[in-house]
There are 2 protein chains.
Amino acid sequence: MSEPAAELPSLWLLEPGPEQDVVVSSRMRLARNIDGYHFRSRFREGEALKLEQHLSGLLGEVDQGLRYVSLESITPALREVLFERHVVSHEHVAGSQPRGVAFSEDGTTSVMINEEDHLRLQVFGSGLDLESLGNKIGALDRSLSERVTYCFAPRFGYLTSCPTNTGTGLRVSVMLHLPALAFKPEEGKPIEQGIIKVHNAAQKLGLAVRGMHGESSRAEGDFYQLSNQVTLGRSPEQAVEDLQSALPQVISYERQMRDILFKDDRPRIEDIVWRAWATLTHARRMASAEALSHLSSLRLGVCLEIIDSVTIPTLHGLMVSMRPGHLQHKAGRELQPQERDVVRADLIRDTLSRDRC
Amino acid sequence: MSEPAAELPSLWLLEPGPEQDVVVSSRMRLARNIDGYHFRSRFREGEALKLEQHLSGLLGEVDQGLRYVSLESITPALREVLFERHVVSHEHVAGSQPRGVAFSEDGTTSVMINEEDHLRLQVFGSGLDLESLGNKIGALDRSLSERVTYCFAPRFGYLTSCPTNTGTGLRVSVMLHLPALAFKPEEGKPIEQGIIKVHNAAQKLGLAVRGMHGESSRAEGDFYQLSNQVTLGRSPEQAVEDLQSALPQVISYERQMRDILFKDDRPRIEDIVWRAWATLTHARRMASAEALSHLSSLRLGVCLEIIDSVTIPTLHGLMVSMRPGHLQHKAGRELQPQERDVVRADLIRDTLSRDRC
C-alpha cells in the first residue's frame, strides 16, 4: 500500500483572510445524492464500491486539479491528518464502506464520496469569504450535475440522507474567534457574557452557534461556528444572505467588547496574553486543550497589538499542526498521549521562536 | 512621628549559606522573663512600659550594635516590613501594650521586648548554621543575665509564659526546601510522598515539621520548618544535637529524591521549572501564593541546573520583597490587593530580568 504522504493538501489556513481579527475561516458544503443508487444506509452488496468508482472517475473529468484518495487505501494515521485539515469529516474517517475524497492541491476544495450522502462538496477559505466560496461551489455543483442526475424532488429540492439537509443541501458556516464576548467578568461584576446574547440573537435568525467541538456555552479556545440551520424552503442565496446580514453585527460587537476590555481591564488582558505567550514558549509538555486555550489568548493579544512577534496565520497553522494526527504523521510513528504532549510543546516552542522577528 | 524607614535591617537571606540547595535558613530563639516583673498576661498598670524602658536601656549596654525601635512609635506599614524580615513576630506586631525590638544592622539578631515573654532573643543565618548561631545567642544571653535576674526554677529551668517553652526556652529551627520530598507522584504511581516519611520520623525524634504558614501536609512553596519540640528536661546542647543528627538524613533524602525525579521524570520537572520561569518573567498580575509556588519551582530548577540565569539568594530576596508590607513600603502608600498583584508582578519581572546574565 503506497503512502501518498508527500501529497497532502496545503494548509489553506496559513493564508491571511478578510476580517481575520474575528473571522478565522469560511466554509460551504453541499449534500448531493445520485439518482439510480440507494441512499447510503440502504446500499445493496457492492453498491458502495460501484458508486465510489463511478463518482471518483467523474470527479477527475470535472476538475483535473482534484486528486482522488480512497480512504481504504491509506493508513488510519493519514486519514486522521486529512480529518484535521477538514478535508474529510469525522464520520467519513470512521466509516467502513468503500469511500474516498477528491481534494485540490491547495486544500480549499474537497468532495467526499459515500459520507452520509453520496456526495459532500466542500469549499473553504481563510477569513470571511462567502461570495467567492459560493461561486466556487456553485460551479463545481453545476459541472457535476451535467454528468449525473441528482436526487431531486420539485416539492422539496435536493433529497438527502438526513432530512435536516433536504432542500438546498447547503450548510454555510464561519468560524469566529470571540474571546471578548466569551470573556467571563471577574467576580462581583454583574455583566452578562456577550456570547449569550449572540446565542439568543442567532436563534431568532435561524442560525446556529456551536463551539469548535460541541455546544457548550464557552467553547474551547473561544472559537464558535456560526451557520445556517434552514435548508428547506429557502434558496441558497437566502441562506448566505441570512448569515451575511448577521455577521457584521457579531463582528463589530466582538471588536467593541475587545476595546472595552482593553480599556477597562488592561492589566488583566495583558496578564492573560503574556502568560499564554510565556507558557507556549517555555513549557516542555502540553495537552491539546491547554495549547488551544493559550493560542486563543495569544490570538487576542496579536489582534490587540499587545504582542507583535507572531502572526495570526502562524497561530492558525499551529492549531492544526499540533493535533495528534499531524504530530504522529510528522514523527512517522504512533505516539502515546504523554509523548504527544512533549512533541507538541517542542513544536509550539520551535514555531513561535522561529516566527519571532 | 519620625519614620526610621532608611534604617531597616539588611536582608540577611541575600547571603549564600551552607547546604543552601536544601536548607534556606537557620534560626534560634530563647524565651526569657525577668524576675521582679509579672508575666505579660498578668502585667499591672504601667508595668509593660516600665519593663520596656528597663530592658531597652539594658540592650543598648549589652550590644552597641543593637538599635531599639518601639513598635508604638512606627507605622503599621513599617511593623509589617519588620515582621516580613522576621525581626518581629506576628504576635508582637498584633500586640497592644508598650513593646519593641532591638535589632542588629545586618538583621541577623533581634530581641523582642514584651512579646509573649518579657524577652525573646532571636538569631538567624542563611543556610545551615546552627553552631555559630548557638555561640551568638549564648553570648547575648550571658551578657543579659549579668544585668538582670531571669525567672528560673532549679526543678524546671527558665520559666516562660507558655509551658511548652519552659526549661531551656530554646527553639532551634531550620527552614528546609523539600520540593522533591513533597512532589506528588503522577496518578497511577503508588509512591508515598517522602514528606510523610519525614513527618513520621521527625515525630519519633521529638522534632516538629511545619509548613511556612501552618501545618498542612503540603506546605506553601514546599518550605518546611523543622524544629525541636522539647524544652523541658533536655539541655540546649541536646536540643541542637537532636536537630543536627536528623538533618543530614533529611537533606540527603531530599537530594536523592531530586536525582531520582530528574532521572525518571525529567520532562515533567523541566516543564514545571520552565513554566515557573516563563510565568514569573511575563505575568502582569500575581498573587503571593502563586508567586511563592513558582519561586519554589524555580529554586528547584536552579539547584538541578536546569536554569542558571538566576541565583538562589535572588530568589530568597524576592520571597521577602514581594510580600505585601514590602511592596507597600516601597510604593510609599497603601496598596489594594489588586494593585499589589500588579506591583508584585512588575517587581518579579524586573528582578529576574536584572539578575539574568
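Residues numbered from 1 in each chain as written. Chains lettered and ligands numbered in written order. Predicted model: local features only at pLDDT ≥ 70, side-chain atom pairs only at ≥ 80, totals over all residues. Heavy atoms only, no water.

Asks: Help me out: how do you make sense of helix H2 (residues 76-84) of chain B in this one?
Replies: For an α-helix, 3.6 residues make a turn, and residues three or four places apart therefore share a direction. All names here are of chain B. Within H2 the residues assigned to the buried category are Leu 78, Arg 79, Val 81, Leu 82 and Glu 84. On the buried face of H2, the contacting elements are helix H3 (90-94), strand E3 (100-104), helix H10 (312-321) and helix H11 (324-331). In the segment just after H2, His 86 is the residue with positive phi, at about 70°. (Buried < 20%, exposed > 50% of the residue type's maximum accessible area, 1.4 Å probe, protein only. Helix = DSSP H or I, 4+ residues; strand = E, 2+ residues; numbered from the N terminus. Contact = heavy atoms within 4.5 Å.)

Asks: What is the right way to read the relation of the copies chain B and chain A from this model?
Replies: Put simply, the second copy of the chain is the first one after a rotation about an axis and a shift along it. Here chain B sits on chain A after a turn of 180° about the axis and a move of 0.1 Å along it, with an RMSD of 0.1 Å. On the angle and the small slide along the axis, the relation comes out as a two-fold axis. Proximity to the rotation axis, assessed at the C-alpha, singles out Ala278(B) in chain B; its C-alpha lies 2.4 Å from the axis. Of all interface residues in chain B, 100% are interface residues in chain A too; the two copies therefore contact each other through one and the same surface. (Least-squares fit on C-alpha atoms with pLDDT ≥ 70 in both.)

Asks: Would you explain the sheet that holds strand E10 (residues 223-228) of chain A in this entry?
Replies: Sheet strands associate in pairs through backbone hydrogen bonding, adopting either a parallel or an antiparallel arrangement. Residues and elements named next belong to chain A. On the basis of which strands lie adjacent, the open sheet formed by 8 strands has the order E2-E3-E4-E5-E1-E8-E10-E9 and antiparallel pairing. Only two strands of the sheet have a single neighbouring strand rather than two, namely strand E2 (66-70) and strand E9 (207-211). The mean angle between the axes of side-by-side strands here comes to 20°, regardless of whether they run parallel or antiparallel. The pairing of E2 with strand E3 (residues 100-104) spans 5 bridges and is classified as antiparallel. Opposite Leu 66, over in E3, you have Ser 104 as the bridge partner. Strands in contact with helix H7 (residues 236-264) are strand E1 (23-32), strand E8 (170-177), E9 and E10; relative to E8, the strand with the most contacts, it is inclined by about 5°. (Pairing = 2+ DSSP bridges. Axes fitted to C-alpha atoms, helices over the stretch in contact; angles between N-to-C directions.)

Asks: Please explain the packing of helix H9 (residues 288-303) of chain A against helix H10 (residues 312-321) of chain A as it appears in this structure.
Replies: Working note: a packed helix pair is described by the angle between its axes plus the distance between those axes. All names here are of chain A. Contact geometry of H9 with H10 gives a least axis separation of 10 Å together with a crossing angle of 170°. On the basis of their axis angle, the class for H9 and H10 is roughly antiparallel. Within the contact between the two elements, H9 uses Leu 292, Leu 295, Leu 298, Arg 299, Val 302 and Cys 303 and H10 uses Ile 312, Leu 315, His 316, Leu 318 and Met 319. Among the residues making up the contact of H9 with H10, the classes are represented as 9 nonpolar, 1 polar and 1 charged. (Parallel < 35°, antiparallel > 145°, perpendicular 65-115°, else oblique. Nonpolar A, V, L, I, M, F, W, Y, C, P; charged D, E, K, R; others polar.)

Asks: Would you explain the sheet that holds strand E10 (residues 223-228) of chain B in this entry?
Replies: Residues and elements named next belong to chain B. In spatial order, the strands read E2-E3-E4-E5-E1-E8-E10-E9; together these 8 strands make up an open sheet with antiparallel pairing. Every other strand in the sheet has two partners, leaving strand E2 (66-70) and strand E9 (207-211) as the edge strands with one partner each. Adjacent strand axes in the sheet meet at a mean angle of 20°, parallel and antiparallel pairs treated alike. Bridging between strand E8 (residues 170-177) and E10 involves 5 bridges; their strand directions are antiparallel. Looking at E10, one finds that Met 175 is bridged to Gln 225.

Asks: What exactly am I supposed to notice about the confidence of the model for chain A here?
Replies: The predicted structure's coordinates, where accompanied by low pLDDT, should not be read in detail. Residue and element names in this part refer to chain A. Of all residues in chain A, 93% have pLDDT values of 70 or greater, and the mean over the chain is 91. Confidence drops under pLDDT 50 across residues 1-6; counting only partners more than four residues distant or on other chains, this segment forms 12 contacts. Overall fold confidence (pTM) sits at 0.88, and the ipTM for the predicted complex is 0.84. (pLDDT = per-residue confidence, 0-100.)

Asks: Explain the side chain of His177(B) to me, please; I cannot follow it from the model alone.
Replies: Residue and element names in this part refer to chain B. Position of His 177 relative to the elements: it lies in strand E8. A distance of 3.2 Å separates the side chain of His 177 from the side chain of Arg 299, its partner in a polar contact. Filtering out sequence-adjacent residues up to four positions away, His 177 remains in contact with Val 22, Val 24, Gly 221, Asp 222, Phe 223, Glu 254, Arg 258, Ser 296, Arg 299 and Leu 300. (Polar contact = N/O pair within 3.5 Å; in protein donor to acceptor, adjacent residues only side chain to side chain.)

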